[in-house]
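Single-letter residue listing:
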Amino acid sequence: MSEKENWTTIITPKNKFFRLNLKELWQYRDLISSFVKRDFTATYKQTILGPLWFFIQPIFTTIMFLIVFGNIAKIPTDGIPQVLFYMNGIILWNYFSKCLLSTSNTFVGNAGIFKKVYFSRLTIPVSNVISALVQFAIQFSLFIIIFISYKIYDADLRLSLAIFAVPLFVLQMAVLGLGIGLIITSLTTKYRDLTYLVGFAVQLWMYATPIVYPLSMVPDKWRSLYMMNPVVPILESFKHAFFSTGMPSVTEYGISVTTTIFLLFAGIFVFNFVEKNFVDTV
Amino acid sequence: MSDTVIKVENISKFYQLGLINHGTLAKDLQGWWAKIRGKEDPNSQVSLLNSQNNNAGSDFIYALKDVSFDVKQGEVLGIIGANGAGKSTLLKILSRVTSPTSGCIKIKGRIGSLLEVGTGFHPELTGRENIYLNGAILGMRKHEIDKKLDEIIDFSGVEKFIDTPVKRYSSGMYVRLAFAVAAHLDPEILVVDEVLAVGDAEFQKKALGKMQDVSRGEGRTVLFVSHNMAAVRQLCKKAVVLDNGQIVMSGQTDEAVDCYLKSTQMEKTSNYFVVTDEYRDKGHAQDVSFVSFKLLKKDLCYSCNEPITIQIKLHANKDCKDCHINCTIWNAEKQPVGSVVSFDGFKIEKDEDKLVEYTIKNPGLAAGMYTYSISVGSGDITTGLTIFDAVRDFMTFEIDRLDDSKYFTVWAKSWGSIYLQSTTREIK
């Protein structure tokens, strides 16, 4: 029979050079939502405080920073109330680091499942980013509550127009974390050292961002280099949205966006490259 | 009609042995750079060409070599072979867990795999939550699971515990729930590996039945990998035998299974067998122990009711007044067919070597290959047994004819292993 060959799947040795299979990812949307649900129900099962832990973590970190950097080291916060200053940075940074760390664990952490069943591998990092987003939303609402209570007593707090761009800042953080995470997870299939390195590196990275100190403390001659760190303009803009502090320049923000997009594509590229055969090496 | 749904074309897969990189990032980068420029990796020890012949010194091993076959719509294809023959690799490639080194597979329809059940079960989640999670991992949409939820819970038989976290399940319940989810997958092509090794006998029957329904009733295509030859025979119409990553034969299930069994453990032994410690069952007192066996028929081929006579040499380490020899016969699928527990004992004294002739009088076995395991002990089924020494199914024989003139030409495996005798008498 000379039937027209209409194969639905063709398995060949190599992936195409660049293949972002969003269609396939969409087919697995139920799986993504299942993973997100699992992350929530499983994380706080058999804990007394349950989801309250989402609040406890940023509150305690803020208190810690307040004591160590605010009161002992006496680092200024540019006139912004210390609690708000720290919390603003912490919640967005937490979101970024959670996206990065969980994505970078995609291959090694899920090797067990990946070895048994095929499903779009991107579902794991994507669901991680969404889980982290839910956590961020909860912590963000906490921040808003505290912000409003401060505003009642202290009329000096001025929101800026950038407040409308907050979702974009959050999105960029997610994309950046995802991109870097994808690169790292692809490399961990071969070089397991990175698994240990990455947690440590993210911790150090935080000190290269204006979270515990204001940008104004960075010496002017280092400022342009400092702004090359793609996270810095995002954090600064996020701060600007709530406190009307200084905005990064368009060039500075442009570099950050370019870096983010580049890292995302680089991440997808290496992820694609590794995806098909990592089972044999991990 | 050539309704081919899977077309496997010259699939090969090799694995690198030993270290998977050159050890340092620098050398890796060097190799990668060389590859980009189209040159050979300066650090590679074995080039691809050299490893083609799978020699011992090579760093690559072929798990699959040039495998091609087609599967048609609605066919249940068994894939059999010894451990390491490449079955699992083939299934992994088919289910897209890993990709082939060369070759191409074309598939029509969604593939669902049951490589191992319970994949992605989360211990903290309840049975119900895990059904959704596991179903989604296996590629089911939420509304599909909604529709089948009751059926799945019912099939698993754990409805009482469905809202309990699965970490508190017994392992049997866990596996049953997992299989229930997998069994209700609705892919056009189902890939199954070794799932029947789980659960109790009743559940196994249920599982086999479900698989049969899937293949017969619903016309689904199934690829089935198993060591359970009886199950393969029951489920599959056609089978492929893999050995060392290559297809040795493909054809009707019965022929393929026979070919596999003959090529592996069922190789005919010689009619003389000296018992060494590695063949003995451990833990018996060895008051009396086996020295050797000899089947009197050299070609090891018997007819259906021909007495099977074995000369057994024994050695006694202690006196024994009432020694019995017992024997169990197993068929090629490793299922016991029948046993002899003898009543006629003999006496043996310490340090004595004794030669006895042991005859299974009318075995009544049907055509096929059999093994027997044999033990010596005291007592019988009325007084209780003490076993001194036992040797397990290392000796084979074959039944190939009804009597001296009539050979078996038809004996389906589904008829069992016993050839029952009957008389037919006309009354009117």
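Everything below is about the structure printed above this text.
On a predicted model such as this, the values are computed, not experimentally measured, just so you know.

Engineer: Go over the overall build of chain B with me, naming the residues and quoting the values.
Structural biologist: Each helix and strand in chain B was counted, giving 8 helices and 19 strands. Taking all contacts inside chain B whose residues are at least 6 apart in sequence as the whole, residues at least 24 apart take part in 70%. Counting every atom, chain B has about 21100 Å² of accessible surface; 50% of that belongs to carbon and sulfur.

Engineer: Any chance you could break down the sheet that holds strand β2 (residues 60-72) of chain B for me, citing the residues and the numbers?
Structural biologist: Backbone hydrogen bonds are what pair the strands of a sheet, in a parallel or an antiparallel way. Here we have 4 strands laid out as an open sheet, ordered β1(A)-β4(B)-β1(B)-β2(B), and antiparallel in their pairing. The strands lining the two open edges of the sheet, one partner per strand, are β1 (9-11) of chain A together with β2 of chain B. Ignoring strand direction, the axes of neighbouring strands in this sheet form an average angle of 15°. Both β1 of chain A and strand β4 (residues 102-107) of chain B contribute to a ladder of 3 bridges, which runs antiparallel. Counted as the bridge partner of Ile11 of chain A is Ile105 of chain B from β4 of chain B.

Engineer: If you had to explain the interface of chain B and chain A to someone new, which residues and values would you point to?
Structural biologist: Each partner contributes to the interface: chain B provides 49 residues, whereas chain A provides 40 residues. Interface of chain B and chain A: buried area, both sides summed, is about 3900 Å²; carbon and sulfur atoms make up 57% of it. Summed over the three residues of chain B that lose the most area to chain A, namely Arg96, Val97 and Ile137 of chain B, the buried surface amounts to 16% of that side. In this structure, the connection of chain B to chain A is made through 2 salt bridges. Put simply, chain B and chain A have 2 residue pairs in polar contact (both at pLDDT 80 or more) between them. Elements supplying a minimum of two residues to the side of chain B that touches chain A: β1 (4-16), α1 (25-36), α2 (87-94), β4 and α3 (127-137) of chain B. Of the residues belonging to the side of chain B that touches chain A, the class tally is 19 nonpolar, 16 polar and 14 charged.

Engineer: Explain the pattern of salt bridges to me, using residue names and the numbers behind them.
Structural biologist: Residue and element names in this part refer to chain B. What the rule picks out here adds up to 16 salt bridges over all chains. Note that Glu124 and Lys167 form a salt bridge whose closest N and O atoms lie 3.1 Å from each other. Of this pair, Glu124 sits in the loop between β5 (111-114) and α3 while Lys167 sits in the loop between α4 (142-156) and α5 (171-183), placing them 43 residues apart in sequence. On the basis of relative accessibility, which here comes to 33%, the residue Lys167 falls in the partly exposed class. For Arg128, the salt bridge identified is with Asp163, shortest N-O distance 3.1 Å. Placement of Arg128 in helix α3 and of Asp163 in the loop between α4 and α5 is noted, with a sequence separation of 35 residues between them.

Engineer: Got a sec to walk through the side chain of Ser160 of chain A? Specific residues and values, please.
Structural biologist: Looking at where Ser160 of chain A falls in the secondary structure, it is placed in the loop between α7 (123-153) and α8 (166-188). Beyond its immediate chain neighbours, meaning those up to four positions away, Ser160 of chain A contacts His240, Ala241 and Ser244 of chain A.

Engineer: An account of the packing of helix α4 (residues 82-104) of chain A against α8 of chain A is needed here, citing residue identities and associated values.
Structural biologist: All names here are of chain A. Packing of α4 against α8 brings their axes to within 7 Å, and their N-to-C directions diverge by 25°. Judged by the inter-axis angle, α4 sits roughly parallel to α8. As for the relative orientation of α4 and α8, their crossing is right-handed in sense. Contacts between α4 and α8 involve Leu92, Tyr95, Phe96, Cys99, Leu100, Thr103 and Ser104 from the former and Val170, Met173, Ala174, Leu176, Gly177, Leu178, Ile180, Gly181, Leu182, Ile184, Thr185 and Thr188 from the latter. Here the residues of the contact of α4 with α8 are counted per class, giving 13 nonpolar, 6 polar and no charged.

Engineer: Account for unusual backbone geometry, with residues named and values stated.
Structural biologist: All names here are of chain B. A positive phi is found at Asp66, a non-glycine position, where the angle reads about 55°. With respect to the secondary-structure elements, Asp66 resides in strand β2. For Gln286, which is not glycine, the phi torsion reads 60° and is therefore positive. With respect to the helices, strands and loops of the structure, Gln286 is situated in the loop between β10 (272-274) and β11 (288-295).

Engineer: Explain the sheet that holds β10 of chain B to me, using residue names and the numbers behind them.
Structural biologist: Residue and element names in this part refer to chain B. Read from one edge to the other, the open sheet built from 4 strands follows the order β10-β11-β13-β17, with strand pairing classed as antiparallel. Each edge of the sheet is formed by a strand with only one pairing partner; in this case those strands are β10 and β17 (353-360). When strand polarity is set aside, the average angle formed by the axes of neighbouring strands in this sheet is 25°. Pairing of strand β13 (residues 308-316) with β17, which is carried by 8 bridges, proceeds in the antiparallel orientation. Considered in β17, the bridge of His315 is made with Asp353.

What counts, and where the lines are drawn
- Residues numbered from 1 in each chain as written.
- Chains lettered and ligands numbered in written order.
- Predicted model: local features only at pLDDT ≥ 70, side-chain atom pairs only at ≥ 80, totals over all residues.
- Heavy atoms only, no water.
- Helix = DSSP H or I, 4+ residues; strand = E, 2+ residues; numbered from the N terminus.
- Contact = heavy atoms within 4.5 Å.
- Areas by Shrake-Rupley, 256 points an atom, 1.4 Å probe, with all protein chains shown as cover.
- Pairing = 2+ DSSP bridges.
- Axes fitted to C-alpha atoms, helices over the stretch in contact; angles between N-to-C directions.
- Buried area = accessible area lost by both parts, 1.4 Å probe.
- Salt bridge = Lys/Arg side-chain N within 4 Å of Asp/Glu carboxyl O.
- Polar contact = N/O pair within 3.5 Å; in protein donor to acceptor, adjacent residues only side chain to side chain.
- Nonpolar A, V, L, I, M, F, W, Y, C, P; charged D, E, K, R; others polar.
- Buried < 20%, exposed > 50% of the residue type's maximum accessible area, 1.4 Å probe, protein only.
- Parallel < 35°, antiparallel > 145°, perpendicular 65-115°, else oblique.
- Left-handed = near helix turned anticlockwise from the far one by under 90°.

This is a description of form; function is not addressed.
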